[in-house]
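Summary of structural features
Residue strings, one per chain:
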Amino acid sequence: MSNEANTKPPVDSSTLATETGRNPEDNFGIVNPPVYHASTVLFPTVEAFESRYREVPHRRVTYGLHGTPTTFALEEAVTELEGGYGSVVTSSGLSAITTALLAFLSTGDDVLVSDSVYAPTREFCDETLARLGIAVRYFDPRIGENIADLIQDNTRVVFLESPGSLTFEVQDTPQITRAARRAGAVTILDNTWATPLYFRAFDHEVDVSLHAATKYLSGHADLMLGLIVTNEACYEPVRQVAMRLGQCAGPDDVYLTLRGIRTLNVRLERHFEQGVALASWLENRPEVKQVLHPALDSHPDHEIWRRDFGGASGLFGFILNDIDRPALLRMVNGMALFGIGASWGGYESLMIPVYPERYRTATAWPETGPVLRVHVGLASIRDLIEDFERGFDRLNQI
Ligand SMILES: *Cc1c(COP(=O)(O)O)cnc(C)c1O
C-alpha cells in the first residue's frame, strides 16, 4: 500500500518497475526481497499476540494468510506502477475478479457487465451472483456515455474489460467511469491485457483495476496469481472481503511475479512490436476477413486506444473467411511455434479458435467465419510469420 503514489512526481514507468517494492537495506543489501514462507508468526507475549491487529493493521506480519514482506513488496510495486492507493494479492486472476465483485455487491443490487468480458467472469455473474439475488445485466462494450441510461438506483458496480480478451473492443473507459461515478456506482476494470504499463486505470477514474498476474506480470507461463489494485475508498472493502474469503497466494509465485515486473517493460515492447507486425501482415492475407487489433488503423476503436493506452500487448484476434473445419484444423494443428492452449502473456506464442457468439447476450456477433486468437510471444517475428505462411499453405491445400 502506498498512499503517496498519486502525489509523487510522475516517474517513467520503466524506472518505477526497477525501483519499486524493494528495500535492499532491510535485507543485507540483497537486490531482491526474499521469499518468506510462513503460516504461524510468533509473538513474545500474550499481550503482543492479543493486540496484533491493533496498530497499522494491514502491514503487520501477523499470520501467513494475511501477508508477508514478500506479498507486501509485490502489492507496493503494482500499486505504485498503476498509481492506485493499495493492492491485494489473490490466488488467481479469476479470484481477483470474484473477490472484487463480492466486495461491492449484495442481494438486491444490480451489476452492469460488459458483453465482451472473459467467459469465466460471465459464468460467475450468471451462476453465483444471480444465485445470491444480484441482478446481472450486460451492455454493449461500445456503449460509451450511454451507460448512464442503464444505471439504476440499485446499480452498485459497472464491470469493464478493455479490450475484451476475445473480441478486442476497446471501451471508452473515461466516459463509462464518469457516468458511474456520478451515479455512485463502483467501476471495476479487468486490465489484464494492457497491464499497468499500458493503461493507467486510475488516470481514467477507474475505482478498482484487476490483473491476472498469471499473464504478463509474471510473464513465463509458470504460475497463477491475481492482483486487485484500488483507489482509497475501495481499498478497505476489497481487503476485508479478500481476508474473509481466505485469499492468499504461494510465496514463490508472489516472488516470481515481482521478478517478472522488473522486465515487464522490455517484454511488453517486444510483444507490442511483434504483435503489430504479425497483425499487419495478416491484414494483407487473402484468407483473412478482418484483424481485431486495437493498434491497427482499421480497428473501429483505434482512436480510443490511441487516446488512452500507452501500447498494445501481444494478444489479438483475426477472422478468417468462411472455410470448413478440416481446413482450419490443418492450419492450427500444424503450427510449429504457436501452441494450442489457454492463457497467454508468457514468452511463448499461442493460437486457438474462439467462439464469441457463445458468450454474448447484449450484442450479436455478426461474423460467420472462424475467429482465431493469437498470442505473439518473443520468438523471432520472421520465424513466426514463416510459420503462418506454412499454416496458410496447409489451410489452402485441397
Ligand atoms: C486469464 C484471464 C483471467 C483469469 O486469470 P487466471 O489467473 O487464469 O484465473 C482474467 N481476465 C482475463 C482478461 C484473462 O485473460
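Coordinates for the structure precede this section.
Residues numbered from 1 in each chain as written. Predicted model: local features only at pLDDT ≥ 70, side-chain atom pairs only at ≥ 80, totals over all residues. Heavy atoms only, no water.

**What about the environment of leucine 372?**
So the rule is basically this: Strands are runs of DSSP state E lasting at least 2 residues, helices are runs of H or I lasting at least 4, and numbering of each runs from the N terminus. Relative accessibility decides the category of a residue: with a 1.4 Å probe and only protein chains considered, values under 20% of the type maximum give buried, values over 50% give exposed, and everything between is partly exposed. Two residues form a contact once any of their heavy atoms are found within 4.5 Å.
Structurally, the position occupied by leucine 372 is in strand β12 (residues 371-375). Look at leucine 372 and you get buried, because its relative accessible area is 0%. Between the C-alpha atoms of leucine 372 and alanine 119, which are 253 residues apart in sequence, the distance is 16 Å. Contact partners of leucine 372, with chain neighbours within four places excluded, come to Phe316, Gly317, Phe318, Leu320, Leu328, Met331, Val332, Met351, Ile352 and Pro353.

**A word on the site of the ligand**
For clarity, the threshold we go by: Working definition: residue near molecule or strand if any one of its non-hydrogen atoms lies within 4 Å of it. Polar contacts, as counted here, are pairs of nitrogen or oxygen atoms within 3.5 Å of one another; within protein the pair requires one atom able to donate a hydrogen and one able to accept it, and residues that are adjacent in sequence qualify only if both atoms are side-chain atoms. Every accessible area reported is derived by Shrake-Rupley at a probe size of 1.4 Å, with residue values counting cover from the shown protein chains alone.
Among the 14 residues in the neighbourhood of the ligand, the closest are listed as Gly93, Leu94, Asp190, Thr214 and Lys215. One of the side-chain N or O atoms of aspartate 190 is found 2.6 Å from a nitrogen atom in the ligand. About the coverage of the ligand: the protein hides 92% of its 380 Å² of free accessible area. Counting residues per element, the shell around the ligand draws most heavily on helix α4 (residues 93-104), which supplies three residues.

**Structural notes on the pattern of salt bridges**
Put simply, the test is: Salt bridges are defined as contacts in which a side-chain nitrogen from Lys or Arg sits within 4 Å of a carboxyl oxygen from Asp or Glu.
Overall, the coordinates contain 15 salt bridges when judged by the stated rule. Arginine 122 is the partner of aspartate 115 in a salt bridge, and the nearest nitrogen-oxygen pair spans 3.0 Å. For the salt bridge of aspartate 207 with arginine 181, the shortest nitrogen-to-oxygen distance reads 2.8 Å. With a gap of 26 residues between them, aspartate 207 in the loop between α7 (195-198) and β6 (208-212) and arginine 181 in helix α6 (residues 173-183) connect regions that are remote in the sequence. Taking the relative accessible area as the measure of exposure, aspartate 207 reaches 8% and is therefore buried. Where salt bridges share partners, they join Asp172, Arg307 and Asp308 into one cluster.

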